[in-house]
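Descriptive structure summary
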Amino acid sequence: MTTAAAATDRAATAPLVPMLVKQTWYGLLALWRIPAFTVSGLVLPVMFFAFFGLPNVGRTFQGINAGAYMLASFGAYAVGSMMVFNFGIGVAGDRAGKLDLLFRATPLPPLVYMASKLLVAALFALLSLLLLFGFGAAVGGIHMAASQWVQIIARLILGSVTFAALGFAIGYSVSSHAAPGVANLIYLPLSFASGLFVPLQSMPQFIQEIAPYLPTYHYGQLAWGAAGAAAEPLATSLAWLAGYTALFLTLAARGYYAEEQRKFG
Amino acid sequence: MASASSDVPAVELVGAHKRYGGVHALKAVDLAIRPGEVVAMLGPNGAGKTTAISLMLGLRQPTSGQVRLFGLDPTDRRARSRCGVMLQESGVPQVLRVRELLDLFRSYYPAPLPLERVIGLAGLEEKAGAQVRELSGGQRQRLYFALAVCGDPDCLFLDEPTVGMDIESRRAFLDTIARFARAGKTIVLTTHYLEEADQLAERVVVIDRGVVIADASPAAIKGQVAAKRVSFRTTTTLSADHLEGLPIGDLQIEDGRVQLLSGEPEVVLKEMFARGVDIAELEVVGADLEEAFVTLTRRAAAP
């Protein structure tokens with residue numbers, strides 16, 4: 001049976017690369033058309049930097065220009081929130097809207113579907129960073145070596161896997177109505193308490209003590225480190241992020257399999 | 001031994017069972033659908049139609065038994081690439097335009113139909129540039145149909161395809177499906193509208209409480225029940241004595257107007273005359289598929 005099917009295999013399935021390209025392109029387009037997402041993902045980080053970062057440009061903090069430090073902070077905030085919100089709200093929305101059912105019944109492989117989602121998020125994160133850093137360089141006059149800019153961007157995008165996992169954990173655990181609230185309730189305090197908005201040194205003592213246990217703190221270290229102001233070795237940051245990624249993926253997998261059992265068992 | 005592909009059923013369920021926790025949704029279903037067949041699956045809500053379709057599409061796994069799609073596992077991409085699916089329950093991305101969504105779905109299939117042709121087939125020319133969220137219920141159904149046919153599939157699965165359509169678009173839509181059927185496509189549809197099944201399908205599979213209770217042509221199913229609808233007017237107040245032991249079903253009495261279904265109307269009428277029931281304005285007509293269906297499911301329900 002299988003051999004007979006294999007014999008008539010001539011273009012039995014569509015090529016995967018064009019499929020991935022189209023899926024990613026239309027994913028970008030769909031996201032672009034949701035103002036709530038573009039505003040919070042692209043405009044807010046620039047605005048936050050204008051409020052909190054610009055006044056500090058020229059001062060020295062942790063041995064570097066405080067403006068560059070805060071640009072790195074808001075870069076981490078922007079990419080992390082892009083992941084948490086895109087996947088947290090996106091997955092919950094897809095579940096509620098029964099989009100999972102639509103795509104499941106097509107020949108689109110689940111891996112291509114997932115890869116396109118990650119690509120869309122990474123490309124939006126890149127766009128968000130380019131806007132933010134462009135603004136910092138043009139308006140704030142912040143200078144760094146090209147290699148430093150590139151390193152910050154690369155570290156933030158690769159390290160954002162942790163927050164994509166957090167997004168999946170939220171998206172598979174709560175309803176689409178609850179997802180935006182839950183995502184905010186988790187991500188905003190994490191960002192504040194890790195010094196992404198205002199440097200930790202100006203936070204209450206107990207927060208300074210909690211911060212080194214938070215994923216956002218170690219994620220921030222990736223960016224601060226590339227800008228020349230690391231508070232811990234890179235390996236330490238990566239180890240913490242890997243641990244949190246494992247935790248979030250476990251939570252996501254639990255929700256995913258429960259859903260799988262119910263809807264597609 | 002591999003056989004010629006035309007002998008391989010398009011869809012095959014062998015002793016398929018499905019349980020959800022304590023609920024036995026599908027019980028030992030055997031069903032083979034040949035390439036080119038047009039099959040309507042009928043049954044009351046909760047009968048197991050959706051479960052059966054979900055198994056055929058690999059959206060759910062049978063608890064026991066086997067399911068094959070073109071001789072392959074239903075989740076196999078080669079099998080999926082030959083199927084188009086219109087699921088009433090599924091969602092669709094809201095902010096993409098009709099043309100964009102179709103362009104995307106075409107990329108999933110090895111030999112899709114040209115984009116403009118798909119738009120024309122579904123009658124969506126005027127809405128091709130509109131975002132999905134702007135479509136009316138009927139237009140959305142046509143979009144689902146377009147998504148189902150854009151890959152030029154050999155087999156179409158249509159789950160309640162005309163829900164939400166007005167009479168006009170429903171008629172046009174049924175014509176389109178009939179064209180696909182004439183083009184040799186295999187079509188599996190579920191429907192609540194029995195005249196749809198009667199009009200489109202050459203084979204009707206009736207599912208009730210997870211069991212296939214009938215599997216034949218629409219005419220044969222009507223014949224299998226062989227029911228006639230008898231209606232008359234009477235001044236007699238009908239009591240249990242008048243009806244005892246008579247082969248009747250679905251009895252309704254309203255304002256002296258009696259309606260019943262019977263496989264042996266002659267016997268019923270003769271007995272009623274004999275029992276002193278006065279009968280006027282007598283009508284005896286062949287039951288339609290809907291009545292056959294009611295009789296069938298009722299018969300299956302009897303202990």
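Residues numbered from 1 in each chain as written. Chains lettered and ligands numbered in written order. Predicted model: local features only at pLDDT ≥ 70, side-chain atom pairs only at ≥ 80, totals over all residues. Heavy atoms only, no water.

**Quick notes on the overall build of chain A**
- A tally of regular secondary structure across chain A gives 12 helices and 2 strands.
- The helix and strand sequence of chain A, counted from the amino end, reads α-α-α-β-β-α-α-α-α-α-α-α-α-α.
- Rg of the C-alpha trace for chain A: 20 Å, near the compact-globule value of 18 Å for 265 residues, within the 12% margin.
- Seen through its principal axes, chain A has C-alpha atoms that stretch 70 × 35 × 35 Å.
- Residue pairs at least 24 apart in sequence account for 75% of intrachain contacts in chain A once pairs closer than 6 positions are excluded.
- Element-wise, carbon and sulfur atoms account for 72% of the exposed surface of chain A, whose accessible area totals about 11,700 Å².
- Between the centroid of the 12 positive side chains of chain A and the centroid of its 7 negative side chains there is a distance of 8 Å. (Helix = DSSP H or I, 4+ residues; strand = E, 2+ residues; numbered from the N terminus. Rg over C-alpha atoms; globule rule 2.2 N^0.38 Å. Contact = heavy atoms within 4.5 Å. Areas by Shrake-Rupley, 256 points an atom, 1.4 Å probe, with all protein chains shown as cover. Lys, Arg positive; Asp, Glu negative; His and termini not counted. Charge placed at Lys NZ, Arg CZ, Asp CG, Glu CD.)

**Here's the deal with the pairing of strand β11 (residues 249–254) of chain B**
Residues and elements named next belong to chain B.
- Relative to strand β12 (residues 257–262), β11 runs antiparallel, the two being bridged by 4 bridges. Within β12, the residue paired with Ile253 across the bridge is Val258.
- Turn length for the β11-β12 hairpin, with the two strands adjacent in sequence and antiparallel, is 2 residues, and the turn residue Asp255 shows positive phi of about 50°. (Pairing = 2+ DSSP bridges.)

**Examining the interface of chain B and chain A**
- Taken together, the 33 residues of chain B in the interface contact 36 residues of chain A.
- By the criterion of area lost to chain A, the three top residues of chain B are Arg77, Arg78 and Tyr108 of chain B, representing 21% of everything that side buries.
- Between Arg33 of chain A and Glu100 of chain B there is a salt bridge, and its shortest N-O distance comes to 2.9 Å.
- When residues of the side of chain B that touches chain A are traced back to their parent elements, those giving at least two are α2 (77–80), α3 (98–106) and α5 (137–149) of chain B.
- Ranked by residues supplied to the side of chain B that touches chain A, first place goes to α3 of chain B with 4 residues.
- Taken together, the residues of the side of chain B that touches chain A break down into 16 nonpolar, 8 polar and 9 charged. (Buried area = accessible area lost by both parts, 1.4 Å probe. Salt bridge = Lys/Arg side-chain N within 4 Å of Asp/Glu carboxyl O. Nonpolar A, V, L, I, M, F, W, Y, C, P; charged D, E, K, R; others polar.)

**Things to note about the pairing of strand β2 (residues 23–33) of chain B**
Residue and element names in this part refer to chain B.
- Of the strand pairs in this sheet, strand β1 (residues 11–20) and β2 are connected by 7 bridges, and their pairing is antiparallel. Within β2, the residue paired with Lys18 across the bridge is Leu26.
- Between β1 and the antiparallel strand that follows it, β2, lie 2 residues; Gly21 among them carries a positive phi value of about 55°.

**Observations regarding unusual backbone geometry**
Residue and element names in this part refer to chain B.
- Unlike most non-glycine residues, Phe70 shows phi in positive territory, near 50°.
- With respect to the element layout, Phe70 can be found in the loop between β4 (64–69) and α2.
- Residues other than glycine seldom take positive phi values, yet Glu281 does so here, at roughly 50°.
- Among the secondary structure elements, Glu281 is positioned in strand β13 (residues 280–286).
- A relative accessible area of 51% places Glu281 in the exposed class. (Buried < 20%, exposed > 50% of the residue type's maximum accessible area, 1.4 Å probe, protein only.)

**Let's talk about the sheet that holds strand β5 (residues 83–86) of chain B**
All names here are of chain B.
- A sheet is described by the order of its strands in space; here 6 strands give the open sequence β5-β6-β7-β3-β8-β9, paired in mixed fashion. Edge positions in the sheet fall to β5 and β9 (211–216), since each of these pairs with one other strand and no more. Strand-to-strand twist across the sheet, computed as the mean angle between neighbouring axes with direction ignored, equals 15°.
- Packed on one face of the sheet, helix α1 (residues 49–56) meets β3 (38–42), β6 (155–159), β7 (186–190) and β8 (203–208) and runs near 140° to β3.
- In the packing of helix α6 (residues 167–182) onto the sheet, contacts are made with β3, β5, β6 and β7, and the angle to β7 comes to roughly 145°. (Axes fitted to C-alpha atoms, helices over the stretch in contact; angles between N-to-C directions.)

**Details of the pattern of salt bridges**
All names here are of chain B.
- Scanning the model with the defined rule gives 25 salt bridges over all chains in all.
- The salt bridge partner of Glu100 is Arg97, with a shortest N-O separation of 3.9 Å.
- The exposure class assigned to Arg97 is partly exposed, which follows from its relative accessible area of 31%.
- Residue Arg170 is joined to Glu196 by a salt bridge in which the shortest nitrogen-to-oxygen separation is 3.1 Å. Taken together, the positions of Arg170 in helix α6 and Glu196 in helix α7 (residues 194–200) put the pair 26 residues apart, joining distant regions of the chain. Of the two residues, Arg170 and Glu196, both sit in the buried class.

**Observations concerning the packing of aromatic side chains**
- Counted according to the given criterion, the structure contains 30 aromatic pairs over all chains.
- An angle of 35° between the planes, with centres 5.8 Å apart, marks the rings of Tyr77 of chain A and Tyr187 of chain A as tilted. You can see Tyr77 of chain A sitting in helix α4 (residues 66–96) and its partner Tyr187 of chain A sitting in helix α9 (residues 179–193), a full 110 residues away along the chain. We note that Tyr77 of chain A, like Tyr187 of chain A, is buried.
- Aromatic ring contacts, followed pair by pair, group Phe48, Phe52, Phe74, Tyr77, Phe163, Tyr187, Phe192, Phe197 and Tyr219 of chain A into a single cluster.
- Seen from the ring of Phe70 of chain B, Arg82 of chain B lies directly overhead, with NZ or CZ sitting 3.8 Å from the centre. (Phe/Tyr/Trp six-rings, centres within 6.5 Å; stacked < 30°, edge-to-face > 60°. Lys NZ or Arg CZ within 6 Å of the ring centre and 35° of its normal.)

**Concerning helix α11 (residues 215–227) of chain A**
Residue and element names in this part refer to chain A.
- Its 13 residues place the ends of α11 19 Å apart at the C-alpha level, agreeing with the 18 Å of an ideal helix rising 1.5 Å per residue.
- For α11, a buried count of 12 out of 13 residues is recorded, marking the element as mostly surrounded by other parts of the structure.
- Where α11 is buried, its residues meet β2 (64–65), α4, α7 (146–159), α8 (161–171), α9 and α12 (234–264).
- At the exit of α11 stands Gly228, carrying a positive phi of roughly 100°. (Expected span 1.5 Å × (residues − 1).)

**Side note on the side chain of Ser73 of chain A**
- Assignment of secondary structure puts Ser73 of chain A in helix α4.
- The contact partners of Ser73 of chain A, leaving out residues within four places of it in the chain, are Gly195, Leu196 and Trp224 of chain A.

**Some remarks on the sheet that holds β4 of chain B**
Residue and element names in this part refer to chain B.
- Judged by pairing direction, the sheet is antiparallel, and its 3 strands sit side by side in the order β2-β1-β4 without closing on themselves. With one partner strand each, in any of the chains shown, β2 and β4 form the two edges of the open sheet. In this sheet, neighbouring strand axes are inclined to one another by 25° on average, regardless of whether the strands run parallel or antiparallel.
- Along the sheet face, α1 touches β1, β2 and β4 and points at about 120° away from the line of β1.

**Quick notes on the environment of Ala16 of chain B**
Residue and element names in this part refer to chain B.
- Structurally, Ala16 can be placed in strand β1.
- Note: C-alpha distance between Ala16 and Leu147 (131 residues apart in sequence) is 29 Å.
- Sequence-distant contacts of Ala16, that is, excluding residues within four places in its chain, are made with Leu26, Lys27, Ala28, Val29, Leu55, Ser64, Gly65 and Gln66.

**Here's the deal with α6 of chain B**
Residues and elements named next belong to chain B.
- Here α6 spans 22 Å end to end across 16 residues, near enough to the 22 Å set by a 1.5 Å rise per residue.
- Looking at α6, one finds that the buried residues are Ser169, Arg170, Phe173, Leu174, Thr176, Ile177, Ala178 and Phe180.
- Buried positions along α6 lie against β5, α4 (115–121), α5, β6, β7 and α7.
- Where α6 terminates, the next one or two residues include Gly184, which has phi positive at roughly 90°.

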